[in-house]
Amino acid sequence: MILKSGKEILEKAKQNGYAVGAFNFSNLEQLKAILLACEEMKSDVIVQTSPSAIKYMGIDVVVPMVESIAKNLSISVCLNLDHGKDFDLVKQCIDMGYTNVMIDASDLPFEQNVELTKKCVDYAHEHNVSVEAELGSLKGVEDEVVAKESVYTNPKLAKEFVEKTGVDSLAVSIGTSHGAYKFKGESHLDIERLKEIKSQIDIPFVLHGASSVSDELKSMFIASGGEIGNAKGVSNQNLIESIKNGICKVNVDTDLRIAFTTGIRECLKDKTIFNPRDYLLKGMDMIKEEVKRKVGILNMK
Ligand code: G3H
Ligand code: 13P
Ligand code: ZN
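Residues numbered from 1 in each chain as written. Chains lettered and ligands numbered in written order. Predicted model: local features only at pLDDT ≥ 70, side-chain atom pairs only at ≥ 80, totals over all residues. Heavy atoms only, no water.

So, about the sheet that holds strand β4 (residues 100-103). Strands sit in the order β1-β2-β3-β4-β5-β6-β7-β8 around a closed barrel of eight strands; the barrel is parallel. Adjacent strand axes in the sheet meet at a mean angle of 25° when their direction is disregarded. As paired elements, strand β7 (residues 205-207) and strand β8 (residues 247-252) share three bridges and run parallel to each other. Note that in β8 the partner of Val206 across the bridge is Lys249. Strand contacts of helix α4 (residues 59-70): β2 (45-49) and β3 (77-84), with the helix running at about 150° to β3, the strand carrying the most contacts. (Pairing = 2+ DSSP bridges. Helix = DSSP H or I, 4+ residues; strand = E, 2+ residues; numbered from the N terminus. Axes fitted to C-alpha atoms, helices over the stretch in contact; angles between N-to-C directions. Contact = heavy atoms within 4.5 Å.)

Laid out in structure tokens, this is it:
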């Protein structure tokens with residue numbers, strides 16, 4: 001089999017105390033840039049597609065595209081369904097050749113989340129595919145309107161959830177959110193909560209919403225003509241702390257979107273350019289640099 005299961009890649013990371021980058025893609029250029037950067041870094045990688053990315057690309061092309069690049073690489077590559085919301089899509093991805101699936105039923109009441117997750121786990125495990133699920137919700141709590149307890153992962157419930165479902169990895173909510181605008185003030189994660197979860201459960205944990213939106217990346221985006229206001233991501237220090245406490249998979253989409261767009265917009269300042277390969281290659285170069293920066297951080301101890 002060309003692609004490796006998420007379980008295989010993440011258990012190795014857990015045993016050795018590092019995290020694997022899980023990068024989202026929506027086209028060939030993003031995928032290629034991610035895989036080539038990880039090959040250069042000699043780092044295993046998870047590439048993933050959201051349901052909307054699958055709709056954009058067409059599911060038929062995704063697996064062959066990933067396999068045909070991965071087969072020439074020395075690193076282990078896993079293809080994950082990111083934020084699958086229903087059993088039909090989970091099943092379709094498994095049948096097509098995805099090697100990890102995420103069932104995100106975190107919006108449902110606990111018992112329904114357990115039931116749907118268990119159904120996906122049973123089908124996935126019959127096909128040697130591993131499963132990530134989510135408990136807690138990734139909404140920001142910046143305004144303190146929503147109480148932390150109703151949003152962040154509850155350690156006791158998490159233990160019950162993992163025991164009842166048999167999931168291979170668990171996405172925890174400890175203060176991150178998706179997109180470029182995660183914090184109004186400084187980056188901060190609930191590491192104490194993560195420690196408590198880790199003391200109860202012995203599987204790899206996943207950090208969603210882990211883009212850094214670094215000052216350097218923001219400056220390049222702005223210099224290319226972009227506008228990004230008060231964007232703020234997860235600090236490197238917070239990432240490293242979370243990895244020390246059990247995070248083995250770090251999900252990044254926003255940083256690569258910003259990088260890709262920056263490269264393309266910078267290139268298109270030259271108004272004579274009209275060959276898509278010229279500007280797409282610049283976008284790919286920017287993604288490669290960002291992936292290498294991120295992978296360097298994920299391997300720090
Ligand atoms: O987890 C969220 C990802 O950034 C996917 O976003 O649905 O726009 O592809 P998307
Ligand atoms: P970011 O928006 O921080 O890149 O998070 C991506 C993610 O969690 C994909 O599942
Ligand atoms: Zn996510």
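The discussion continues.
This paragraph deals with the coordination of the zinc ion (ligand 3). Protein ligation of the zinc ion (ligand 3) involves His83 (NE2), His178 (NE2) and His208 (ND1), the donor distances falling in the range 2.1 Å. Between consecutive donors of the zinc ion (ligand 3), the numbers of intervening residues give the motif H-x94-H-x29-H. Highlighted residues: His83 in strand β3 and His178 in the loop between β6 (169-172) and α9 (191-200), separated in sequence by 95 residues. Classification of His83 as buried rests on a relative accessible area of 14%. (Donors = N, O, S within 2.8 Å, 3.2 Å for Na, K, Ca; no water. Buried < 20%, exposed > 50% of the residue type's maximum accessible area, 1.4 Å probe, protein only.)

Near ligand 1 the following residues occur: Ser50, Ser52, Asp82, His83, His178, Asp253 and Arg257. Note that an oxygen atom of ligand 1 is positioned 3.2 Å from one of the side-chain N or O atoms of His83. A distance of 3.0 Å separates an oxygen atom of ligand 1 from a polar side-chain atom of Arg257. Per-class residue counts for the shell around ligand 1 are no nonpolar, four polar and three charged. (Near = heavy atom within 4 Å. Polar contact = N/O pair within 3.5 Å; in protein donor to acceptor, adjacent residues only side chain to side chain. Nonpolar A, V, L, I, M, F, W, Y, C, P; charged D, E, K, R; others polar.)

Next up on the list: the environment of Thr262. Inspection of the secondary structure assignment puts Thr262 in helix α12 (residues 254-267). Measuring from C-alpha to C-alpha, the distance between Thr262 and Ser224 comes to 5.9 Å, with 38 residues separating the pair along the chain. Ignoring sequence-local partners within four residues, the contact set of Thr262 consists of Met220, Phe221, Ser224 and Met286.

According to the stated counting rule, one finds two aromatic pairs in the structure shown. Note on Phe87 and Tyr123: the rings are 5.8 Å apart at their centroids and 80° apart in plane angle, and the pair reads as edge-to-face. Linking Phe87 in helix α5 (residues 87-96) with Tyr123 in helix α6 (residues 110-126), this pair joins segments that are 36 residues apart in sequence. The two residues Phe87 and Tyr123 agree in class, both being buried. Positioned above the aromatic ring of Phe87, the side-chain terminus of Lys119 is 4.5 Å from the ring centre. (Phe/Tyr/Trp six-rings, centres within 6.5 Å; stacked < 30°, edge-to-face > 60°. Lys NZ or Arg CZ within 6 Å of the ring centre and 35° of its normal.)

Burial within β2 is extensive, with five of its five residues counted as buried. The sheet contact formed by strand β1 (residues 20-24) and β2 spans three bridges and is parallel. Residue pairing in the sheet places Ala22 in a bridge with Ile46 of β2. Traced from β1 through helix α2 (residues 28-41) to β2, the parallel crossover comes out right-handed. (Right-handed = clockwise from strand over helix to strand, strands pointing away.)

Of all residues adjacent to ligand 2, which total 14 residues, the nearest are Asp82, Lys182, Ser211, Asp253 and Thr254. Between His83 and ligand 2, the recorded distance is 3.2 Å, taken from a side-chain N or O atom to an oxygen atom. Burial of ligand 2 by the surrounding chains reaches 96%, relative to a free accessible area of 310 Å². Secondary structure elements with two or more residues in the shell around ligand 2: β3 and β8. For the shell around ligand 2, the class distribution of residues is two nonpolar, nine polar and three charged. (Areas by Shrake-Rupley, 256 points an atom, 1.4 Å probe, with all protein chains shown as cover.)

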